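Take a look at the letters that make up each chain.
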Amino acid sequence: MNEQAKEYWDSYWKGKEKPENVKAWSFGTAPDRMARLVMDGVKTATCSARQAYEVEKEALPEVGEYNIILNGEDEPAAIIRTTEVEVVPFNEVTEAFARAEGEGDLSYNHWLEVHKKFFKKESEEIGYEYSEDMELVCERFQLVHVNPD
């Protein structure tokens, strides 16, 4: 986590009991646009390939975790808290979940087209096997705070 994110986290929790663990990260290929959707309350979900967690040796997200969302300049944009985590086959993601991702026209077809391209490219880049029934880690979250800076 960079210094700006640490300062934002500490400032938000000043005078309150601060959770021990927090991660700071940005969304995929369009971090500014995705951060804005989160800050506007449009984006309340995200998903990742389960295999990506394995390749990168990262733990799966857990309910109750806090995350600092970074923009394209690695500046803290918002704090979110994970409310639900479910592992679902790619081809079984629901329309409701696709809508909660808040992208494009909010349709399932848009979500599917964009995510097929994303996961095919990511699988080639980091070395996992893409398939339409591969497991996705589907995460819902709530917006906790928007950075006023």
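Here the structure is shown first, and the text comes after it.
Residues numbered from 1 in each chain as written. Predicted model: local features only at pLDDT ≥ 70, side-chain atom pairs only at ≥ 80, totals over all residues. Heavy atoms only, no water.

Judged by pairing direction, the sheet is mixed, and its five strands sit side by side in the order 1-3-4-5-2 without closing on themselves. The sheet is open, and its two edges are formed by strand 1 (22–25) and strand 2 (45–49), each paired on a single side. Going across the sheet, the axis of each strand differs from the next one's by a mean of 35°, ignoring polarity. Where strand 2 meets strand 5 (residues 135–146), five bridges bridge the pair, whose relative direction is antiparallel. Within strand 5, the residue paired with Thr46 across the bridge is Glu139. Packed onto the sheet, helix 1 (residues 3–13) meets strand 1, strand 3 (66–70), strand 4 (76–89) and strand 5 and runs at close to 95° relative to strand 4. (Pairing = 2+ DSSP bridges. Helix = DSSP H or I, 4+ residues; strand = E, 2+ residues; numbered from the N terminus. Axes fitted to C-alpha atoms, helices over the stretch in contact; angles between N-to-C directions. Contact = heavy atoms within 4.5 Å.)

Taken as a class, soluble globular proteins show a tendency for nonpolar side chains to be buried jointly. Residues Trp111, Phe119, Met134 and Leu136 are the most contacted members of the largest nonpolar core, which totals 18 residues. Mapped onto this core, the elements with two or more residues apiece are strand 2, helix 4 (95–100), helix 5 (108–126) and strand 5. For Phe119, the contacting residues outside a window of four places in its chain are Cys47, Ser48, Ala49, Phe90, Tyr128, Tyr130, Met134 and Leu136. The next biggest cluster of nonpolar side chains, apart from the first, holds 11 residues, and it includes Val38, Ala77, Ile80 and Phe141. (Core = buried A, V, L, I, M, F, W, Y, C linked by side-chain atoms within 4.5 Å. Buried < 20%, exposed > 50% of the residue type's maximum accessible area, 1.4 Å probe, protein only.)

Each regular strand shows side chains that alternate between the opposite faces of the sheet. Two elements, strand 4 and strand 5, share 11 bridges in a ladder whose sense is antiparallel. Bridging from a neighbouring strand, Arg81 pairs with Gln142 of strand 5.

Everything listed is a geometric property; what it means functionally is a separate question.
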